[in-house]
Amino acid sequence: MLATGRTALYLHGVIDETPSALQLAVPADRKKPTLVGVDDVVRSTTLLTSDRIEVDGLSCAIVALALLHLGRRERGRGVLEVVVNALQREKAELSELDAVLDRCGRAPGRATLRHARDALTLDQADSLLELDTRQLARAASFSPYPSPFPFRCPDGRVIHLDVPFPPVWFAWECDSPRSRSGGRSFNTDRTRWTQARRGGWQLGWVTRERLRTDRAGLPEELAEAHAVADPERPPPEATPCRRTTCRVCAPMRASLNR
C-alpha cells in the first residue's frame, strides 16, 4: 500500500495545497483497505517495485505514477497544471511520464495524462499561464520560441525569458503566483527583466487577468513589436545555462558537446 494521487504529489512537493483526504494504491490482488480519511484506493495491476519511493518515511508512488492516478479523478487543465508544476520543479521528466503511459495500457487516468503530455509536445513552459500565452500568440499567427529562451546577459549571467520572439527581440514575461511557488521571487524577476533590457530586449507583461480581459490587445502588442523591429539586426543566440538539471538547456548543451 502506498500514497498516490494528490497525497503523493503533496509529499513530493509538486503541489502546495494539503489534500483534504488520502489517496492510496494497492496491488490488484489485495482488497481495498477501509481506513478513516481515505478518499480513494487504486487497485493496480501494473504496480512495480520501482514505482515505490519513500518520502519523509512514508511509502509513496513515484511522481509519474501519482500523476496517472490523479487523472483517474480529475480532468483537463487542472491535471495539466500539476504536470507542468512537476516538470518545472524538476520532480519528474517527460521520459518518466512516457514510460508510465507506455506500460499502463488502458489504465484509468491514462487518457487524461496522455492529453497533458501531448499539450507539452510543442512547448516547454514553466506555468499554465505561459502555455496559454503561447497558444494565444499562435492563434494570432505569431511564432513564439518553443521554450523559455536562455539568453546570456551583458554581465555574463544566463536568464530564461518566458515567451520570447527572438527575431524581433521581444518577450512576454508571465507574472503569476505559480511562478512564485516554483521558486522565483519578486526581486529575482525584477533582476531578470533589468538584465534583459540591458541586453537589448523589449518586454511585455502578461498576467492571468490581462490574458482574460485583453485578448485583443496582446496580439496588437506583438504586431507593434514586429513592426518596429530592425530587420538588419541578427536574432540573439540561445546560450545554455550551467544548471545540469535545466530541462531547457540540458539537451542544448548535450547537442553542442557532440
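Presented here is an overview of the structure given in this document. Bear in mind that the values here come from a model prediction, so they are computed numbers and not experimental data.

Considerations on the overall build of the protein
Scanning the protein from N- to C-terminus turns up eleven helices and ten strands. Counting all 258 residues of the protein, 45% fall into the buried class. In the protein, the proportion of contacts linking residues at least 24 apart, taken out of those at least 6 apart, comes to 58%.

Regarding the environment of Arg138
Within the element layout of this structure, Arg138 appears in helix H6 (residues 128–139). Arg138 gets classed as partly exposed once you look at its relative accessible area, which sits at 28%. Here the alpha-carbon distance between Arg138 and Pro219, two residues 81 residues apart in the chain, equals 9.6 Å. Setting aside chain neighbours within four positions, we find Arg138 in contact with Leu122, Asp123 and Pro144.

Here's the deal with the layout of surface pockets
Here the second largest pocket is characterised by a volume of approximately 330 Å³. In this structure, the second largest pocket is lined by 19 residues; those nearest its centre are Ala92, Glu93, Leu94, Gln124 and Arg247.

Comments concerning the nonpolar core
In terms of nonpolar packing, the biggest core is built from 36 residues, with Leu9, Leu67 and Val83 touching the most fellow members. Elements represented by at least two residues in this core include exactly strand S1 (2–3), helix H1 (5–12), strand S5 (58–61), helix H2 (63–73), helix H3 (77–88), helix H4 (94–103), helix H5 (110–119) and H6. One finds Val168, Trp172, Val206 and Ala229 within the second-largest nonpolar core, a separate group that totals 16 residues.

Quick look at the side chain of Asp51
When you line up the elements, Asp51 lands in the loop between strand S3 (38–44) and strand S4 (52–55). Looking at Asp51, the relative accessible area reads 2%, which means it is buried. Separated by 2.8 Å, the side chain of Asp51 and the backbone nitrogen of Leu48 make a polar contact. If near-sequence neighbours (up to four positions away) are discounted, Asp51 is found in contact with Leu2, Thr46, Cys60, Ala61, Ile62, Leu65 and Arg103.

A short note on the side chain of Thr112
With respect to the helices, strands and loops of the structure, Thr112 is situated in helix H5. Take Thr112: its relative accessible area is 10%, and that puts it in the buried class. Apart from the residues lying within four places of it in its own chain, the contact partners of Thr112 are Gly71, Glu74, Arg75, Gly76 and Val79.

Here we look at the pattern of salt bridges
Across all of its chains, the model carries 17 salt bridges by this definition. Among the salt bridges present, the one from Arg89 reaches Asp16, with a minimum N-O distance of 3.0 Å. Of this pair, Arg89 sits in the loop between H3 and H4 while Asp16 sits in the loop between H1 and strand S2 (22–27); the two residues are 73 residues apart in sequence, bridging distant segments of the chain. The buried category is assigned to Arg89, whose relative accessible area is 14%. The salt bridge involving Asp132 is made with Arg77; its shortest N-O contact spans 2.7 Å. Highlighted residues: Asp132 in helix H6 and Arg77 in helix H3, separated in sequence by 55 residues. For Arg77, a relative accessible area of 44% puts it in the partly exposed group. In this structure, a network of salt bridges that share partners links the residues Arg77, Asp132 and Arg208.

A closer look at the environment of Pro236
Relative to the helices and strands, Pro236 is located in the loop between helix H10 (217–228) and helix H11 (249–256). Since its relative accessible area comes to 11%, Pro236 is described here as buried. Distance from Pro236 to Phe151, taken between C-alpha atoms, is 7.5 Å for residues 85 residues apart in sequence. Sequence-distant contacts of Pro236, defined by excluding residues within four places in its chain, comprise Phe149, Phe151, Pro166, Trp169 and Trp201.

As for H10
If you check H10, its first and last C-alpha atoms are 17 Å apart, about what twelve residues at 1.5 Å a residue would give, namely 16 Å. When H10 is considered as a whole, its buried residues turn out to be Gly217, Leu218, Pro219, Leu222 and Ala225. Turning to H10, the residues buried within the fold contact H6, strand S8 (163–165), strand S9 (170–174), strand S10 (202–206) and helix H9 (208–213).

Conventions used here
Residues numbered from 1 in each chain as written. Predicted model: local features only at pLDDT ≥ 70, side-chain atom pairs only at ≥ 80, totals over all residues. Heavy atoms only, no water. Helix = DSSP H or I, 4+ residues; strand = E, 2+ residues; numbered from the N terminus. Buried < 20%, exposed > 50% of the residue type's maximum accessible area, 1.4 Å probe, protein only. Contact = heavy atoms within 4.5 Å. 1 Å grid on protein atoms, 1.4 Å probe; cavity = no way out; pocket = protein on both sides within 12 Å on 5 of 7 lines; lining within 4 Å. Points joined across faces, edges and corners; volume = space filled by probe spheres on them. Core = buried A, V, L, I, M, F, W, Y, C linked by side-chain atoms within 4.5 Å. Polar contact = N/O pair within 3.5 Å; in protein donor to acceptor, adjacent residues only side chain to side chain. Salt bridge = Lys/Arg side-chain N within 4 Å of Asp/Glu carboxyl O. Expected span 1.5 Å × (residues − 1).

None of this, on its own, says anything about what the molecule does.
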